[in-house]
Amino acid sequence: MVLKMILVLMVVVFFSSCSTGVTNLMDLIAVQETQKATSENKSVGYINPKAPIIKEEVKETPKEKIMKKYSASQDHQRDIEMVGYIVSSEKDNDVDLYIYTFTDALKTRTIQFFYTKKLPYKTGNLIRVRVKDNFLKKHDYYGTKNPKNKKVNRYIESAKELFIKIR
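Caption draft 1: Here's a closer look at the pattern of salt bridges. For the coordinates displayed, the defined rule picks out three salt bridges. Between arginine 130 and aspartate 79 there is a salt bridge; the shortest N-O distance is 3.4 Å. Pair noted here: arginine 130 is in strand E4 (residues 127-132) and aspartate 79 is in the loop between helix H3 (62-74) and strand E1 (80-92), with a separation of 51 residues, a long-range link. Given the relative accessible area of 29%, arginine 130 is considered partly exposed.

If you want it as C-alpha cells, here you go:
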C-alpha cells in the first residue's frame with residue numbers, strides 16, 4: 001500500500017513538473033514569487049567603476065566564418081598601386097622572369113614582384129607601379145619631370161597690335 005502511494009506521488013510530481021517546465025524537483029518545491037516595482041527595489045545600487053565589464057562572447061555563424069576566410073584569401077589578389085623606387089632587380093633563369101624589389105617613396109613598405117622584361121628605370125627614378133598577384137601590370141614615371149622627349153614649338157610669332165575702338 002505504501003509503495004502504491006509513493007508511486008502515485010512520484011507520477012503526480014513528474015506530470016506536474018512536465019507541465020510547468022520544471023527541470024528538477026527543487027524547482028518544483030521552491031516558492032516562486034514575483035516582485036513588483038516599488039521605490040525600494042527600483043534603485044540600481046552602487047556600481048564600482050573599477051569592476052570589469054563582462055561581455056558575452058559573440059559566436060560567429062558559419063557563413064561569417066566563411067566570409068572572413070574568403071576575404072583574407074582575397075587580400076593578396078587585390079591590385080597594389082605604389083609610388084616609389086626600384087631597390088634591386090635580378091633575373092631568375094629557371095622561370096625566365098625578372099624579380100624586382102620595390103620600396104615606396106617614404107621607404108616604409110617594400111614589395112617584390114615579377115616581370116617578363118627588364119625595366120628601363122634607374123634606382124633613383126620615382127615611378128608608379130601597379131602589381132596584381134605579384135606580377136607587374138602597369139608602370140610609368142611619376143612626377144612633373146618626364147624624361148620622354150617633348151616637342152617644343154620653336155616658332156615665335158611676331159607681336160600683334162590690337163586696337164580697341166573707343167568713342
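Here the narrative resumes, following the displayed structure.
Caption draft 2: Seen up close, the pairing of E4. Burial of E4 is one-sided: the residues Ile127, Val129 and Val131 facing one way are buried, the residues Arg128, Arg130 and Lys132 facing the other way are not. Of the pairings in the sheet, the one linking E1 to E4 comprises five bridges and is antiparallel in character. Bridge pairing links methionine 82 to valine 129 in E4. As paired elements, E4 and strand E5 (residues 135-141) share six bridges and run antiparallel to each other.

Caption draft 3: Structural detail: the packing of aromatic side chains. Counted by the stated rule, this structure contains five aromatic pairs. A ring pair is formed by tyrosine 115 and phenylalanine 135, whose centres lie 6.2 Å apart and whose planes are at 45°; its orientation type is tilted. Taken together, the residues span a long stretch of sequence, with tyrosine 115 in strand E3 (residues 110-115) and phenylalanine 135 in strand E5 at a distance of 20 residues. Judged by relative accessible area, phenylalanine 135 falls into the partly exposed class, the value being 28%. Grouping aromatic residues by their ring pairs yields a cluster made of Tyr98, Tyr100, Phe102 and Phe113.

What counts, and at which threshold
Residues numbered from 1 in each chain as written. Predicted model: local features only at pLDDT ≥ 70, side-chain atom pairs only at ≥ 80, totals over all residues. Heavy atoms only, no water. Salt bridge = Lys/Arg side-chain N within 4 Å of Asp/Glu carboxyl O. Helix = DSSP H or I, 4+ residues; strand = E, 2+ residues; numbered from the N terminus. Buried < 20%, exposed > 50% of the residue type's maximum accessible area, 1.4 Å probe, protein only. Pairing = 2+ DSSP bridges. Phe/Tyr/Trp six-rings, centres within 6.5 Å; stacked < 30°, edge-to-face > 60°.

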